[in-house]
Amino acid sequence: MNNEIWLKNDHSIIDQKILEVMDQIDHEHINTDLFAEIESGLKRHIFFEETILFPSLDDGDVRIHQMMEGLKMEHAALWKLMNIVDKEIADEIFIKIKKSVSEMLMILRVHNEIEEKNVYTLIKSNSEIDKFDIEALELPSGWICEKLRNRKNTK
Ligand SMILES: [Fe+2]
Ligand SMILES: [Fe+2]
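Residues numbered from 1 in each chain as written. Chains lettered and ligands numbered in written order. Predicted model: local features only at pLDDT ≥ 70, side-chain atom pairs only at ≥ 80, totals over all residues.

Draft legend 1. Spatial organisation of the overall build of the protein chain. Across its full length, the protein chain holds six helices and zero strands. Helices and strands in the protein chain line up, N terminus first, as α-α-α-α-α-α. On C-alpha atoms alone, the protein chain measures out to a radius of gyration of 16 Å, which is about the 15 Å that the 2.2 N^0.38 rule sets for 155 residues. Seen along its three principal axes, the alpha-carbon backbone of the protein chain occupies a region of about 45 × 40 × 25 Å. (Helix = DSSP H or I, 4+ residues; strand = E, 2+ residues; numbered from the N terminus. Rg over C-alpha atoms; globule rule 2.2 N^0.38 Å.)

Shown next as structure tokens:
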């Protein structure tokens, strides 16, 4: 499987798991392991995009650069929502969890489409990026997405 397909597949897996969580909330139950899977999967996905994929495809085209900046802002919104859901799960506030996860899903619908149509198509087949083993990547402890990191540093 090449990485364009792997990444698209990962989008669908995460979407599907979020829908499962929403369904559980409707039954006033939540499998915390499932949200933990969503969180670790999506954070690793974002880590790969921001540290490896985007830098390798950002080759001086202003339009592509601006688009990636927008995508990174959306990563920050998703990251914040995941941290919020963690707290809401600990407090078992189902209505709030549902609102937060549906917000994640709304962001992801638009975000994933932009990436699939405009970014992943730039991956050259058989290039290093195409063959990179994303599944073997581990999120370094304490790593947070770029746009949240910058905000933190300016405080
Ligand atoms: Fe992304
Ligand atoms: Fe993505």
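Draft legend 2. Broad picture of the environment of Glu74. For Glu74, the location among the structural elements is in helix H3 (residues 62–91). In this structure, the C-alpha to C-alpha distance between Glu74 and Gly41, residues 33 residues apart in sequence, is 16 Å. Among all residues touching Glu74, those that are not within four sequence positions of it are Ile107 and His111. (Contact = placed C-beta atoms within 7 Å.)

Draft legend 3. Examining the environment of Phe132 more closely. Structurally, the position occupied by Phe132 is in the loop between helix H5 (128–131) and helix H6 (146–154). As a C-alpha pair, Phe132 and Ile107 span 25 residues in sequence and 26 Å in three-dimensional space. When sequence neighbours within four positions are dropped, the list of residues in contact with Phe132 reads Asn3 and Ile52.

Draft legend 4. Seen up close, helix H1 (residues 3–26). Between the first and last C-alpha of H1 there are 35 Å, a value that for 24 residues agrees with the 34 Å anticipated at 1.5 Å per step. Elements in contact with the buried residues of H1: helix H2 (32–57), helix H4 (94–119) and H5. Remark: Glu28 follows H1 within two positions and exhibits a positive phi of approximately 50°. (Expected span 1.5 Å × (residues − 1).)

Draft legend 5. Spatial organisation of the nonpolar core. Ranked by internal contacts, the top residues of the largest apolar core, which has 19 residues, are Val21, Phe35, Ile38, Leu42, Ile46 and Val101. Those elements giving two or more residues to this core turn out to be H1, H2, H3 and H4. The greatest single-element share of this core, amounting to eight residues, is contributed by H2. When near neighbours in sequence (up to four residues on either side) are disregarded, Ile38 contacts Ile14, Lys17, Ile18 and Val21. (Core = buried A, V, L, I, M, F, W, Y, C linked by C-beta atoms within 7 Å. Buried ≥ 20, exposed ≤ 12 C-beta atoms within 10 Å, placed from the backbone.)

Draft legend 6. Local environment of H4. For H4, built from 26 residues, the straight-helix expectation of 38 Å at 1.5 Å per residue is met to within 8% by its first-to-last C-alpha distance of 35 Å. For H4, the complete set of buried residues consists of Ile97, Ser100, Val101, Met104, Glu115 and Val119.

Draft legend 7. Structural detail: the packing of H3 against H4. Between H3 and H4, the least distance of the axes is 10 Å, while the angle of their chain directions is 155°. Judged by the inter-axis angle, H3 sits roughly antiparallel to H4. Considering only the axes of H3 and H4, their crossing is left-handed. Here H3 contributes Met67, Leu71, Glu74, Ala77, Leu78, Leu81, Ile84, Val85, Glu88 and Ile89 to the contact with H4, which in turn contributes Lys96, Ile97, Ser100, Val101, Glu103, Met104, Ile107, His111, Ile114, Glu115 and Asn118. Looking at the contact of H3 with H4 residue by residue, the classes come out as 13 nonpolar, three polar and five charged. (Axes fitted to C-alpha atoms, helices over the stretch in contact; angles between N-to-C directions. Parallel < 35°, antiparallel > 145°, perpendicular 65-115°, else oblique. Left-handed = near helix turned anticlockwise from the far one by under 90°. Nonpolar A, V, L, I, M, F, W, Y, C, P; charged D, E, K, R; others polar.)

Draft legend 8. Representation of the packing of H1 against H4 in the model. It is the contact of H1 with H4, at a shortest axis distance of 10 Å, that shows an interaxial angle of 160°. Judged by the inter-axis angle, H1 sits roughly antiparallel to H4. Viewed along their axes, H1 and H4 form a crossing whose handedness is left-handed. Facing Lys8, His11, Asp15, Ile18, Val21, Met22 and Ile25 of H1, the residues of H4 in contact are Phe94, Ile97, Lys98, Val101, Ser102, Met104, Leu105, Leu108, Asn112 and Glu116. Grouping the amino acids of the contact of H1 with H4 by side-chain chemistry returns 10 nonpolar, three polar and four charged.

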